[in-house]
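# Close look at the chain arrangement
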Amino acid sequence: MADTRDIEMTVNGESHAANVETRTSLGDFLRHGLGLTGTHMGCEHGVCGACTVMVDGEAVRSCLMLAVQANGHEVTTVEGLAEDDGTMSALQEAFWKHHGLQCGFCTPGMLTSLTAFLRDNPDPSERDVREAISGNICRCTGYQGIVDAALDVAKTMQKGS
Amino acid sequence: MKPAPFTYHDPTTADEAVALLATHEDAKILAGGQSLMPMLNMRFVVPDDVIDLNRIDGIAGIRDAGESIEIGAMTRQRDLMRDDVIATKAPIIPAALHWVGHFQTRNRGTIGGSLCHLDPAAELPCLMALYDAELTVQGPDGARKIPFAEWPLAYMIPSIGPDELLTGVSVPHWGGNTGHGFVEFSRRHGDFAIVAAAALLTVDAGKITRAAISIGGADVRPIRLTEAETALVGATPDAGTFKAAAEIARGIEAMSDAYVSSAYRQRLAATLVERALAAAASNLNGSA
């Protein structure tokens, strides 16, 4: 018999209750349990960063966390970054403007990682940004557009504050 | 891939976790999950039971105990990097943690998980060797303390019983006019270290009064360069002294693998020890 648990978590501001098999990763639960397919499962061993989501505001690998471990916690996925009316976040806008994505596979992990990173490091150097995404693999862009986007957002945030 | 089925346990006390270990023969302890989860996903390990420590209160946190810093086993690597006590009394810890994985993995990864996983290339075991840290494990008969020197038994095998749980680490505070250096070489940042070197130096009236050097990644367990440490005491902290001490690192036992020969690791060790010592001498500031 499969080992299952009843869990409850808030995802992108909305409360969800489900019965999950305990071996299910958080990433698989988000995709298959909640239909939030914006989170991409890549390597499934913590190397590629595509599955990164925020748990209680901190960026983590959703392939290296069990869904049952997120019981009672707050999860933000890429679907939760835009405004309710669909207006993209400043970082999402900047990705669009600077060609920070091509195929889009790494994008959810890049956006969630950088959202948490820029919140904690509002005035990063280019090197800081490169280190922040060193655990997120992109095979299309060569990273330049992604770095430009992050630095652009940081600059705008500085001006705004 | 996905983990094979297991039975999940999430105890809320250390006692409860120890009791579970006693009654479940093929159980794995889940701390931060940044090593165990990949191994479960790839089915390198297929345990009957997984005992998750994340809901246990009281085995995470950092406490300044004057002569030492007491660190709970479930303290996240992120929290070690953000903590004021660590920053002032053991700044080599956050310096080394910059080399551990990526910020997303450090958000989950714990000090206890790293010490029990005991990867030869891991930074935290290298630091605990440097400090002669003392580990506390809890078993069915109560707690016992283990000096780090006795912790690694063999490749990725710590000196802990199948029914015991690592609950905390005590890191002695050096004090005095002390500096620290941590350097590492890997092909890409965030990869496993090919070799890492850590050094602490205390200098009084222009002479080295105390020294510790630890090398990670070279052998199955961190290597303390005691011969060099002894040679450093009483010497002047200058480039010549450091070069001579680092030469001793060339004679260490070093592993060889498909990518890196033992001779290369020995050369790296000498270079990195010299750099770590120079770094330590450059930030003497009364804390380490």
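This is a predicted model, so every value here is computed, not measured.

## A look at the sheet that holds strand S10 (residues 165-172) of chain B
Residues and elements named next belong to chain B. Strand order in this open sheet of five strands is S4-S5-S10-S6-S7, and the pairing throughout is antiparallel. The sheet is open, and its two borders are formed by strand S4 (62-64) and strand S7 (142-147), each paired with just one other strand. Going from strand to strand, the sheet's axes swing by 20° on average, the running direction of each strand aside. Pairing geometry for S4 and strand S5 (residues 68-72), over three bridges, is antiparallel. Residue pairing for S5: arginine 63 is matched across the bridge by glutamate 70. Running over the sheet, helix H1 (residues 14-23) touches strand S6 (134-139) and S10 and is turned about 130° from S10.

## Re the domain arrangement of chain A
Residues and elements named next belong to chain A. Along its sequence, chain A is carved into domain 1 (4-80) and domain 2 (90-160). Centre-to-centre separation of domain 1 and domain 2, based on C-alpha positions: 22 Å. Contacts between domain 1 and domain 2 engage 14 residues on the former and 11 residues on the latter. Put simply, the parts of the chain that give the side of domain 1 that touches domain 2 at least two residues each are strand S3 (52-55) and strand S4 (58-61). Of all the elements, S3 adds the most residues to the side of domain 1 that touches domain 2, at three residues. Tallied by class, residues from the side of domain 1 that touches domain 2 come to seven nonpolar, six polar and one charged.

## Overview of the packing of helix H2 (residues 90-97) of chain A against helix H3 (residues 107-120) of chain A
Helix-helix packing is characterised by the crossing angle of the two axes and by the distance between the axes. Residue and element names in this part refer to chain A. Interhelical geometry of H2 versus H3 gives an angle of 125° and a closest axis separation of 10 Å. One finds that H2 runs oblique with respect to H3. Viewed along their axes, H2 and H3 form a crossing whose handedness is right-handed. Listed contacts from H3 to Leu91, Gln92 and Phe95 of H2 are Leu111, Leu114, Thr115 and Leu118. Of the residues contributing to the contact of H2 with H3, the split by class is five nonpolar, two polar and no charged.

## So, the interface of chain A and chain B
With 25 residues of chain A at the interface, the matching set in chain B holds 24 residues. Counting only elements with at least two residues in the side of chain A that touches chain B, the list comes to S4, H3 and helix H4 (126-132) of chain A. With four residues, the single largest contributor to the side of chain A that touches chain B is S4(A). For the side of chain A that touches chain B, the class distribution of residues is nine nonpolar, nine polar and seven charged.

## Details of the domain arrangement of chain B
All names here are of chain B. By domain assignment, chain B separates into domain 1 (7-52), domain 2 (62-172) and domain 3 (178-282). Between the C-alpha centres of domain 2 and domain 3 there is a distance of 20 Å. Residue-level contacts link 19 residues of domain 2 with 18 residues of domain 3. At the level of secondary structure, the elements contributing two or more residues to the side of domain 2 that touches domain 3 comprise helix H5 (92-97), helix H8 (123-131) and strand S8 (152-154). If you tally residues by element for the side of domain 2 that touches domain 3, the top one is H8, at six residues. The residue inventory of the side of domain 2 that touches domain 3, partitioned by class, reads 16 nonpolar, two polar and one charged.

## Looking at the pairing of strand S13 (residues 207-216) of chain B
Residues and elements named next belong to chain B. Burial of S13 is extensive: seven of the 10 residues sit out of reach of the surface. Pairing geometry for strand S12 (residues 195-204) and S13, over nine bridges, is antiparallel. Across the sheet, residue alanine 197 finds its bridge partner in S13, namely isoleucine 215. Between S12 and the antiparallel strand that follows it, S13, lie two residues; alanine 205 among them carries a positive phi value of about 50°. In this antiparallel pair of consecutive strands, S13 and strand S14 (residues 223-224), the connection spans six residues, and glycine 217 shows a positive phi of 85°.

## Remarks on the nonpolar core
Side chains that are nonpolar tend, in soluble globular proteins, to be buried together. Ranked by internal contacts, the top residues of the largest apolar core, which has 141 residues, are Ala197(B), Ala198(B), Ala199(B), Ala269(B), Val273(B), Ala276(B) and Leu277(B). Dropping the residues within four chain positions of it, Ala199(B) is found in contact with His180(B), Gly181(B), Ala212(B), Ile213(B), Val273(B), Ala276(B), Leu277(B) and Ala280(B).

## Digging into the sheet that holds strand S2 (residues 14-21) of chain A
Residues and elements named next belong to chain A. An order of S2-S1-S5-S3-S4 is seen for the five strands of this open sheet, with the pairing classed as mixed. A single partner strand is all that each edge strand has here, and the edge strands are S2 and S4. Across the sheet, the mean angle from the axis of one strand to that of its neighbour is 40°, orientation sign disregarded. Of the strand pairs in this sheet, strand S1 (residues 4-11) and S2 are connected by eight bridges, and their pairing is antiparallel. If you follow aspartate 6 over to S2, its bridge partner there is asparagine 19. The sheet strands contacting H3 are S3 and S4, and the helix crosses S3 at an angle near 40°.

## Comments concerning the environment of Phe117(A)
You can see Phe117(A) is positioned in helix H3. The spacing of Phe117(A) and Ala132(A) is 15 residues in sequence and 7.0 Å in space, taken between C-alpha atoms. Ignoring any residue separated from it by four or fewer positions in sequence, one finds Phe117(A) in contact with Ala132(A) and Phe103(B).

Analysis parameters
Residues numbered from 1 in each chain as written. Chains lettered and ligands numbered in written order. Predicted model: local features only at pLDDT ≥ 70, side-chain atom pairs only at ≥ 80, totals over all residues. Pairing = 2+ DSSP bridges. Helix = DSSP H or I, 4+ residues; strand = E, 2+ residues; numbered from the N terminus. Axes fitted to C-alpha atoms, helices over the stretch in contact; angles between N-to-C directions. Contact = placed C-beta atoms within 7 Å. Domains from an automatic or database assignment. Nonpolar A, V, L, I, M, F, W, Y, C, P; charged D, E, K, R; others polar. Parallel < 35°, antiparallel > 145°, perpendicular 65-115°, else oblique. Left-handed = near helix turned anticlockwise from the far one by under 90°. Buried ≥ 20, exposed ≤ 12 C-beta atoms within 10 Å, placed from the backbone. Core = buried A, V, L, I, M, F, W, Y, C linked by C-beta atoms within 7 Å.

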